[in-house]
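# Observations on the model geometry
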Amino acid sequence: MGSVLVNFVYAHAVGHAVEALQYCRGYHAADPSRRIGLVLNADTPAELATWCPFIDEVHTIELDLFDPATDTRDQLAKITKDWDHVVGDHRMSLPEQRAFFPGLAAYYDQADAYFTGIKGSAGGQPPSYLPKQPLRLNLPEQPRDGFAVLLGGSAKREMYPSVSSWRLILAALADRFPGAAITLLGKLAKDGRTSTTYTRDEYERLAAAVPGARLALDLPLRDQLSLVGASRVFLSPHTGFGMVALATGTPWLCLAGNRWPEFYFNDGVPFYSVLPDRARFPCYTMFGSDPEPVDDEGPRAPSMSAARIRADLPELLDAAALLVAGDLGYAAALAGHRDRLARCWGGDRSMMWSLDNVLS
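Notes on the structure follow. Treat the numbers as computed from the prediction; the structure is a model and nothing was measured.

### Focus on the pattern of salt bridges
- Considering all chains together, one arrives at 13 salt bridges under this definition.
- As a salt-bridge pair, R91 and E19 come within 3.2 Å of each other at their nearest N and O atoms. In this pair, R91 sits in the loop between β4 (85-88) and α3 (95-100) while E19 sits in helix α1 (residues 14-30), placing the two residues 72 residues apart along the sequence.
- Judged by its relative accessible area of 4%, E19 is buried.
- For D89, the salt bridge goes to R91, with nearest N and O atoms at 3.0 Å. Pair check on accessibility: D89 and R91 agree, each one buried.
- Through salt bridges with shared partners, a single network forms among E19, D89 and R91.

Here it is as structure tokens:
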């Protein structure tokens, strides 16, 4: 019996916590007798790890990502220092990441000095690691029905569709799937974690305008995920919460675009990313400059504009029908996504990166 500490302190977005859980899953699958520990950013929903029976202990670190004077040594001292292996976030070995997050770089330097054991990068070997393992949160199983919808995350409002565009999408869903429940999720409270930049009034206007829509706002994370797990499809723009949705076993229908492509695909759970026409609707700038916004009820990212929504609404509805009917398996979802990515990027495979190299 050995021990592995997955030291995965990064930005607080929930998707990074899912990355860490997936790595823990792979190390446990390779040797179920191992003791698995996990360290996360304190502003990340670390309770996710408590719903993963293969993780033995979880710790959190409070820090300022951008403060080079960050000192976390007192917090590190509360964590067992002796591990057979300590694997970290590979991004913090990259000079550009360390320069962008000097406080995070300081934490990793302090952690490297504190923890004993063989050091490496999460997902790498040694220790032994089995990639592409199915990740399922230990939540009660429920009958699945309807749609769970997240309008957007915590980025600037221009990075998500306008209320009018969402009304168009949701009304089309209600028309295509008459009688289906549409649960509008959102976290409006500002508590340091990821929250939704839409307002309560906007949510209420959407719910009043769309048949079958109901609100589920500011619920505890477990309750939110229970609603997702009770839905046939989770619909949203690109967001880390979509990665958690996959860990409930619910297919993710993603209105893709903005800065980042989808990079997490959970074995056995179907998904569909509706990719924008990059020539018409520039996107995927990552750490680069955002494209010039268009005028759409205020400034709007081109890939979230009304014109883009209207262009891709038929594909979105057809994809929803495939997922609702269970007619799209995981292998077919991956193959279709690879094909669409190849067209989106003109055959440039350098952008087909994914956790555990699932797309390779």
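The structure having been displayed, the exposition proceeds.
### Looking at the packing of helix α5 (residues 163-176) against helix α6 (residues 200-209)
- Look at α5 against α6: their axes get within 10 Å of each other, and the N-to-C directions meet at 30°. Put simply, α5 runs roughly parallel to α6. For the pair α5 and α6, the sense of crossing is right-handed. Residues V163, W166, R167 and L170 of α5 form the contact with α6, whose own contacting residues are E202, R205, L206 and A209.
- Broken down by class, the residue content of the contact of α5 with α6 amounts to five nonpolar, no polar and three charged.

### Details of the side chain of T183
- Within the secondary structure layout, T183 lies in strand β7 (residues 182-186).
- Take T183: its relative accessible area is 4%, and that puts it in the buried class.
- Only 2.8 Å separates the side chain of T183 from the side chain of R214, close enough to count as a polar contact.
- In this view, T183 contacts F147, A148, V149, R214, A216 and L227; residues no more than four positions away in its chain are not counted.

### Brief notes about the sheet that holds strand β1 (residues 3-7)
- Taken together, five strands build an open sheet; the order of strands is β3-β2-β1-β4-β5 and the sheet is parallel. Here the strands that pair on one side only, and so sit at the sheet edges, are β3 (57-61) and β5 (118-121). When strand polarity is set aside, the average angle formed by the axes of neighbouring strands in this sheet is 20°.
- Bridge count for strand β2 (residues 35-41) against β3 is five bridges, and the pairing is parallel.

### Notes on empty space enclosed by the protein
- Here the structure, examined in full by the defined rule, presents four cavities of 30 Å³ or more.
- Quantified by volume, the largest cavity comes out at close to 80 Å³.
- Contributing to the lining of the largest cavity are 13 residues, with M159, N258, D290, P291 and A301 lying nearest its centre.
- By residue class, the composition of the lining of the largest cavity is seven nonpolar, three polar and three charged.

### Side note on the packing of helix α7 (residues 221-229) against helix α8 (residues 240-247)
- Look at α7 against α8: their axes get within 9 Å of each other, and the N-to-C directions meet at 65°. In terms of axis orientation, α7 runs roughly perpendicular to α8. Once α7 is placed against α8, the crossing between them reads as right-handed. Contacts from L221, Q224, L225 and V228 of α7 reach α8 at F241, V244 and A245.
- Its residues placed into classes, the contact of α7 with α8 shows six nonpolar, one polar and no charged.

Rules of the game
- Numbers given for residues are sequential positions, taken from 1 along each chain in its written order.
- pLDDT decides what is reported in this predicted model: residues at 70 or higher carry local features, side-chain atom pairs at 80 or more are listed and counted, and totals for whole chains, interfaces and linings draw on all residues regardless.
- Excluded from the side-chain calculations are hydrogens and water; all other atoms, namely the structure's heavy atoms, are used.
- Here, a salt bridge means any Lys or Arg side-chain nitrogen found within 4 Å of an Asp or Glu carboxyl oxygen.
- Helical segments are the DSSP runs of H or I of at least four residues, strand segments are the runs of E of at least two, and each set is numbered from the N terminus.
- For each residue, the accessible area found with a 1.4 Å probe, counting protein chains only, is set against the maximum for its type, and the residue is called buried under 20%, exposed over 50%, and partly exposed in between.
- Only the stretch in contact is used when a helix axis is fitted, and all axes are lines through C-alpha atoms; the angle between N-to-C directions ranges over 0 to 180 degrees.
- Under this scheme an angle from 65 to 115 degrees is roughly perpendicular, one under 35 degrees roughly parallel, and one over 145 degrees roughly antiparallel; angles in between are oblique.
- Each crossing gets its handedness from the near helix: less than a right angle anticlockwise from the far helix is left-handed, clockwise is right-handed.
- It only takes one pair of heavy atoms within 4.5 Å for two residues to be counted as in contact.
- By the convention adopted, Pro, Cys, Tyr, Trp, Phe, Met, Ile, Leu, Val and Ala count as nonpolar, Lys, Arg, Asp and Glu as charged, and the other residues, Gly among them, as polar.
- In protein, a polar contact requires one atom able to donate a hydrogen and another able to accept it; more generally it is a pair of N or O atoms within 3.5 Å, and residues adjacent in sequence count only if both atoms are side-chain atoms.
- Strand pairing is defined by DSSP finding a minimum of two bridges between the two strands.
- The pocket and cavity definitions rest on a 1 Å grid over protein atoms only: a 1.4 Å probe that fits but cannot leave marks a cavity, an open set with protein on both sides within 12 Å along at least five of seven lines marks a pocket, and residues lining either have an atom within 4 Å of a point.
- Grid points are joined across faces, edges and corners, and a volume is the space filled by probe spheres set on the points.

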